[in-house]
Amino acid sequence: GSMGGMLALPPGQGPHQVGCTDVMVGHTRQGLFLRLFFPCLPRAGAAEPLWIPRSEYCGGLADATLGRRRCSALLGIAIGSCKVPVSWNGPLKPRSSGYPLIIFSHGLGAFRTLYSSICTELASWGFVVAALEHRDHSAATTYFCTAEAGTEEWIPFQRVPQGQKEFYFRNKQVHQRAQECVRALRLFQGIAGGRSVPNILHQDWDLSVLKGNLDLTKVAVMGHSFGGVTALLALVKEPSFRCAVALDAWMFPLENLLYPEVAKPVFFINTEKFQTPESVAKMRRLSSRNSQTRIVTVLGTVHEDQTDFAFLPGKLFSRIFGRRGTLEPHKALAITSRAALAFLQRHLKLEEEFGQWDGLLEGVGDSVVPDAPFGRSHL
């Protein structure tokens, strides 16, 4: 009966058990920090990782989402002991043909663990998912370990500085974020090529086990909100990314010059309450570029329904974010992940059975409609 019952994240519904580890590479902010989700071998009595990895993240979250540092202790009590239903440092399940890879980018004021439900779900269907923690001051907080033993440098959340135009501030961030997605891919390409990569967090998990177990011809980039537009830009910057899945993308930070550059397929999965007509017009510009690009809306959902916060009890959710969606969160997650899986199968040329959910790509199905909430009727 502890307060840890405040959040119940769902285990993956796919055929694989899911393992998880944290990876930090390099001793400067030019390094990388990510949480890795992967299919693993079952292990008796496996430990589960904390959802909020350290108390500093509660402070950052209180600051970034509530603008109130003092809520940090309350958040710590409410959600500080919640666990993610995955096997911490569990043994990778070998696969001779290799797993496809997804690089995942978080939203504004979030961090690497707040999308554990969708990352776990995708890993349970046979993907390795690398959830980045961005160092552009858009994470609630983050840190890196300097070369001096035992010292950490924290990178706090930063609002748009007074007197600065928001577009320029965010545009610079989105370019840094996309670059981090590309660097994450380089990291895995290096490991696959046999390069030894020291994880400075000294996890009990050897990155070299990934060698021979990744199929790096099948790589996608995915993200939510600020992470959704980050995924688009990463698709432009890096030819190895075959396609992008953008969950409720915040299109604002992307410069107009780039729209003609996005030639590969993008799947926009929107919630009902977040998008603006301007944002949707930008998505449409992209879908007119590529006949494989799709836009769908999941009815009865709000922006935060695509994060783990959807699984907070109603009262706590509405205290932090205001109104919640009417669609049951497990159902919303199932629609989003199945739609993403069908899209990934199509564009990564997978030989799975995700084609059974192809209808979702056309907005056909329960609680999903084609296009966006604005102007559906006159299309």
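By the naming in an unreviewed UniProt entry, the protein is 1-alkyl-2-acetylglycerophosphocholine esterase, taken from Promerops cafer.

Caption draft 1: Up close: the sheet that holds strand β2 (residues 32-40). Reading across the sheet, the 10 strands line up as β3-β1-β2-β5-β4-β8-β9-β10-β11-β12 and stay open at both edges, with mixed pairing between neighbours. Of all strands in the sheet, those with a lone pairing partner are β3 (87-88) and β12 (368-370), marking the two edges. Sheet topology note: the strand β1 (residues 17-25)/β3 ladder contains two bridges and is parallel. Residue pairing across strands places C20 opposite W88, the latter belonging to β3. Lying on the sheet, helix α4 (residues 166-192) is in contact with β1, β2, β4 (99-105), β5 (128-132) and β8 (214-224); it crosses β4 at an angle near 155°. Across the sheet, helix α8 (residues 329-348) lies against β4, β8, β9 (243-247), β10 (266-271), β11 (294-298) and β12, angled at about 165° from β9, the strand it touches most.

Caption draft 2: Seen up close, the nonpolar core. Of all hydrophobic cores here, the largest spans 78 residues; its most connected members are W51 and I79. Considering each element in turn, this core owes the most residues, 10 residues, to α8. What I79 contacts, discounting residues up to four positions off in sequence, is W51, I52, L61, L312 and L316. V25, L92, A246 and F268 belong to the second-largest nonpolar core, a separate cluster that totals 54 residues.

Caption draft 3: Expanded view of the pairing of β11. The element β11 is extensively covered by neighbouring structure, given that five of its five residues are classed as buried. Side-chain alternation along β11 places R294, V296 and V298 on one buried face and I295 and T297 on a second face that is also buried. In this sheet, β11 lies alongside β10 in parallel orientation, the contact comprising five bridges. Opposite I269, over in β11, you have V296 as the bridge partner. Taken together, β10, helix α6 (residues 277-289) and β11 constitute a β-α-β crossover, and its handedness is right-handed. Both β11 and β12 contribute to a ladder of three bridges, which runs antiparallel. Within the sheet, the bridge partner assigned to T297 lies in β12 and is V369.

Cut-offs and rules
Numbering of residues starts from 1 in every chain and runs along the sequence as written. Selection of residues for local features in this predicted model requires a pLDDT of at least 70, selection of side-chain atom pairs for listing and counting requires 80 or more, and totals for whole chains, interfaces and linings are taken over all residues. Heavy atoms from the whole structure form the basis of all side-chain values; hydrogens and water molecules are not counted. Any two strands between which DSSP finds at least two bridges are classified as paired. We count a stretch as a helix when DSSP gives it H or I for four or more residues in a row; a strand needs E for two or more, and each element gets its number in order from the N terminus. Throughout, a contact is declared for two residues whenever any of their heavy atoms are within 4.5 Å. Here the axes come from fitting lines to C-alpha atoms, over the contacting stretch only for helices, and the angles between their N-to-C directions go from 0 to 180 degrees. The nonpolar core is taken to be a set of buried Ala, Val, Leu, Ile, Met, Phe, Trp, Tyr and Cys residues, with the residues joined through side-chain atoms within 4.5 Å. Buried residues are those whose accessible area, probed at 1.4 Å on protein chains only, stays under 20% of the maximum for their type, while exposed residues exceed 50% and partly exposed ones sit between those limits. We call a crossover right-handed when, viewed with the strands running away from us, the connection from the first strand over the helix to the second turns clockwise.

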